[in-house]
Amino acid sequence: MTFEHIVQINDLTKPELPILTRFQIWEGLVLRARRPDKFLVGVEEYEILEQEPAYMKRCLQLPGLQIVDEVRFLPESRIEYRTLPTDAVPAATLVMDIEEPEPESIFIRFRYYSASIENEGDSMPYDQFLQQAYVLTDIETVQIIRELAGTGAF
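The following paragraphs examine the structure supplied in this document. On a predicted model such as this, the values are computed, not experimentally measured, just so you know.

With respect to the overall build of the protein chain
Phase 1: Of regular secondary structure, the protein chain possesses 2 helices and 7 strands.
Phase 2: Traced from its N-terminal end to its C-terminal end, the protein chain shows the element sequence β-α-β-β-β-β-β-β-α.
Phase 3: By the compact-globule yardstick of 15 Å for 154 residues, the protein chain fits well, its C-alpha radius of gyration being 16 Å.
Phase 4: Along the first, second and third principal axes, the C-alpha atoms of the protein chain reach 45 × 40 × 25 Å.

Structural data, given as structure tokens:
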């Protein structure tokens, strides 16, 4: 499955909405990697196995599932997640790019890549269900970043 979508951060046509800076967005996305429990539903526990300035390896505990992934950081530009495959979890990739086509007009492009899962007989194809879940999670991520930025967290 390959899937991508864009979330608009700043709408310059709506001056009543607070403008987030590229730095605030970046810090929020980095926090999502470092503290997945604040952003991802179902993360019961997590452990950072390795950490360098531009790299991190994590282990996430979800109900009945363990996920190990690697995260790469390109400062104020991109974060890449690569899920390491196991018998229960296929290899997958998530790329988050901060895009700024004009000053303060900022978007995040989310791109997902993974093996498709067959689910014959279900009313909604699993990939479609997964795509909807990704969009909701990504919109919620932006809402959490907005709330944290509003408190002066970054």
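What follows picks up the thread again.
Remarks on the layout of surface pockets
Phase 1: In this structure, the largest pocket encloses a volume near 1000 Å³.
Phase 2: Taken together, 36 residues form the lining of the largest pocket, with L62, I67, T83, L130 and Y134 sitting closest to its centre.
Phase 3: Put simply, the parts of the chain that give the lining of the largest pocket at least two residues each are β3 (55–62), β4 (65–74), β5 (78–83), β6 (92–102), β7 (105–114) and α2 (126–150).
Phase 4: Per-element accounting of the lining of the largest pocket gives the leading share, 9 residues, to α2.
Phase 5: Partitioned by chemical class, the residues of the lining of the largest pocket number 26 nonpolar, 5 polar and 5 charged.

Let's talk about the environment of V43
Phase 1: Along the polypeptide, V43 turns up in the loop between α1 (22–34) and β2 (45–52).
Phase 2: What makes V43 buried here is its relative accessible area of 12%.
Phase 3: Separated by 22 residues in the primary sequence, V43 and L65 have C-alpha atoms spaced 9.8 Å apart.
Phase 4: Once residues within four sequence positions are removed from consideration, V43 is found in contact with P36, D37, Q61 and L62.

What about the nonpolar core?
Phase 1: Formed by 30 residues in total, the largest nonpolar core has its most connected members in I9, I25, L29, F73, I79 and I108.
Phase 2: Mapped by element, the contributors of at least two residues to this core are β1 (2–8), α1, β4, β5, β6, β7 and α2.
Phase 3: Element by element, the count of residues in this core is highest for α2, at 6 residues.
Phase 4: For I108, the contacting residues outside a window of four places in its chain are H5, I6, V7, I9, I25, L29, M96, D97 and V142.

Section: the environment of V41
Phase 1: Position of V41 relative to the elements: it lies in the loop between α1 and β2.
Phase 2: Residues V41 and I108, spaced 67 residues apart in sequence, show a C-alpha to C-alpha distance of 20 Å.

A word on the sheet that holds β1
Phase 1: Pairing is antiparallel in the open sheet, where 7 strands are placed in the order β1-β7-β6-β5-β4-β3-β2. Strands with a single pairing partner mark the edges of an open sheet, and in this sheet they are β1 and β2. Taken pair by pair, the neighbouring strands of this sheet meet at an average axis angle of 20°, ignoring direction.
Phase 2: Pairing geometry for β2 and β3, over 7 bridges, is antiparallel. Note on β3: the bridge partner recorded for Q51 is M56.

What about the pattern of salt bridges?
Phase 1: All told, the structure shown has 10 salt bridges when counted by the stated rule.
Phase 2: Among the salt bridges present, the one from R58 reaches D69, with a minimum N-O distance of 2.6 Å. Taken as a pair, R58 in strand β3 and D69 in strand β4 lie far apart in primary sequence, 11 residues in all. Considered together, R58 and D69 belong to a single accessibility category, that of buried residues.
Phase 3: Residues joined in a network through salt bridges with shared partners are R78, E80, R82, D97 and R111.

Conventions used here
Within each chain, residue numbers correspond to sequence positions counted from 1 in written order. Owing to the predicted nature of the model, reporting of local features is limited to residues with pLDDT of at least 70; listing and counting of side-chain atom pairs is limited to 80 or more, with chain, interface and lining totals taken over all residues. Only hydrogens and water are set aside; all other atoms, that is, all heavy atoms of the structure, feed into the side-chain values. Think of it this way: any DSSP run of H or I at least four residues long counts as a helix, any run of E at least two long counts as a strand, and we number them from the N terminus. Here the globule rule reads 2.2 Å times residues to the power 0.38, and the radius of gyration is calculated from C-alpha atoms. Here a cavity means grid points, on a 1 Å grid over the protein atoms only, where a 1.4 Å probe fits yet cannot get out; a pocket means an open set of points with protein on both sides within 12 Å along at least five of seven lines; lining residues are those with an atom within 4 Å of a point. Grid points are joined across faces, edges and corners, and a volume is the space filled by probe spheres set on the points. Three categories are distinguished: nonpolar for Ala, Val, Leu, Ile, Met, Phe, Trp, Tyr, Cys and Pro, charged for Asp, Glu, Lys and Arg, and polar for the others, with Gly belonging to the last. The buried label goes to any residue with under 20% of its type's maximum accessible area, the exposed label to any with over 50%, and the partly exposed label to all in between, with areas taken from a 1.4 Å probe on protein chains only. By definition in these notes, contact holds between two residues if any of their heavy atoms fall within 4.5 Å. In plain words, nonpolar cores are sets of buried Ala, Val, Leu, Ile, Met, Phe, Trp, Tyr and Cys residues tied together by side-chain atoms within 4.5 Å. Strand pairing is assigned whenever DSSP identifies at least 2 bridges connecting the two strands. A fitted line through C-alpha atoms represents every axis, and for helices the fit uses only the stretch in contact; the resulting angles, taken between N-to-C directions, go from 0 to 180 degrees. Throughout this description, the term salt bridge denotes a Lys or Arg side-chain nitrogen within 4 Å of a carboxyl oxygen of Asp or Glu.

Keep in mind these numbers describe shape, not what the thing actually does.
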